[in-house]
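Structural overview for review
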Amino acid sequence: MKDLKEIAPVLTPVLTAVTSVSGAMYMRERTHRVGVERLAAATMETLLNAIDANDAVTGAHVRRVAAYSICLAEAAGLDVRTKHSIERVALFHDIGKLDEALFDIFHESAKLTPQERRAVRKHPEKGAEVLIPISIFYPDLGQGVIAHHERWDGRGYPKRLKGVKIPLTARFVAIADTFDAITHRRRYSAGRSFKEGSEAIFLGRGTQFDPELVDLFMSPPVQAEFQRITRESFKPGRKMKGRRVGADSSAPDLTFRWRERGKSKTYSRQARRKSR
């Protein structure tokens, strides 16, 4: 066996070359991945714009739901990546309503027929189908969208999931979605008061909603923040400027312009402690 000193002059340039090639390959692969991720993010931005263009009321609704969902997520002390997942599900939970077969039904002011109600219940599945092309980057997005009408007691739809089998993202969005549906005027019903909306969520504790999240929702700090969001609620057709604040550098920045710069208030550690 040759002495290490004898082969070192030969090995050193070989190892240097291998390291250089490996580094170049890594950088090329990383650049490609980042480019594709940015394309996926741009696609999501386009989908959000499509919601606005097709239905300004739904566009305003999903933005309010996103604001409420983020409020709950921040109060729960979740990590940034999970909060962004919840935000994405909130923004796209109703994208299935853009389906041609459902669009007219959702825009009908008259009371729905049983057949129309059955069709409406398909919108979570339709939404998940729309999002399949970008599921490689956001696998939890479609899972959350399809489950946002599931119930804690297993009586929801479309899969009748029960309890913790319901994705966490969907459990947060379910509360925010229901609260907004109750407190804001819809084509077929007038909006009710903040108190009535809160009472409806509380009554669904352990049946429709995750009981722990309902307890968090009913805590004074979260109630105060929900009231602020309700007062400053987004209106249909309102132009949003600025990028999303606090973007996670480890995930592609979606650059959604639904939240105005400086308008978003985050929970302090003190507020989180009070809410627990």
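Just above, that's the structure.
Here is a short report on the structure shown in this document. Computed from a predicted model, the values in this text were never measured in an experiment.

**Notes on helix H8 (residues 168–183)**
For the α-helix, the turn length of 3.6 residues means that residues three or four positions removed from each other point alike. Counted at 1.5 Å a residue, the expected span for H8 with its 16 residues is 22 Å, and the 23 Å between its end C-alpha atoms agrees. The buried fraction of H8 amounts to 15 of the 16 residues, a majority that puts the element mostly inside the structure.

**Side note on the environment of Leu-48**
Its location among the elements puts Leu-48 in helix H1 (residues 4–54). On a C-alpha basis, the gap between Leu-48 and Gly-59 in space is 7.7 Å, while along the polypeptide they are eleven residues apart.

**Some points on the packing of aromatic side chains**
If you walk through the whole model with that rule in mind, you get six aromatic pairs. On the numbers, 5.3 Å between centres and 75° between planes, the contact of Phe-179 with Phe-194 is edge-to-face. In this pair, Phe-179 is assigned in helix H8 and Phe-194 in helix H9 (residues 194–203), connecting sequence segments 15 residues apart. Like Phe-179, the residue Phe-194 is buried in the burial classification. What links up through ring pairs into an aromatic cluster is the set Tyr-68, Phe-179, Phe-194, Phe-217 and Phe-226.

**Considering the pattern of salt bridges**
When charged atoms on two side chains of opposite charge get close, those side chains can pair. Overall, the coordinates contain seven salt bridges when judged by the stated rule. Here Glu-225 makes a salt bridge to Arg-228, at a shortest N to O gap of 2.9 Å. With Glu-225 and Arg-228 both in helix H11 (residues 220–231) and three residues apart, this pair spans about one turn of that helix. Residue Arg-228 is classed as buried on the basis of its relative accessible area of 10%. With a closest N to O distance of 2.9 Å, Glu-232 and Arg-228 form a salt bridge.

The rules we used
Residues numbered from 1 in each chain as written. Predicted model: local features only at pLDDT ≥ 70, side-chain atom pairs only at ≥ 80, totals over all residues. Heavy atoms only, no water. Helix = DSSP H or I, 4+ residues; strand = E, 2+ residues; numbered from the N terminus. Expected span 1.5 Å × (residues − 1). Buried < 20%, exposed > 50% of the residue type's maximum accessible area, 1.4 Å probe, protein only. Phe/Tyr/Trp six-rings, centres within 6.5 Å; stacked < 30°, edge-to-face > 60°. Salt bridge = Lys/Arg side-chain N within 4 Å of Asp/Glu carboxyl O.

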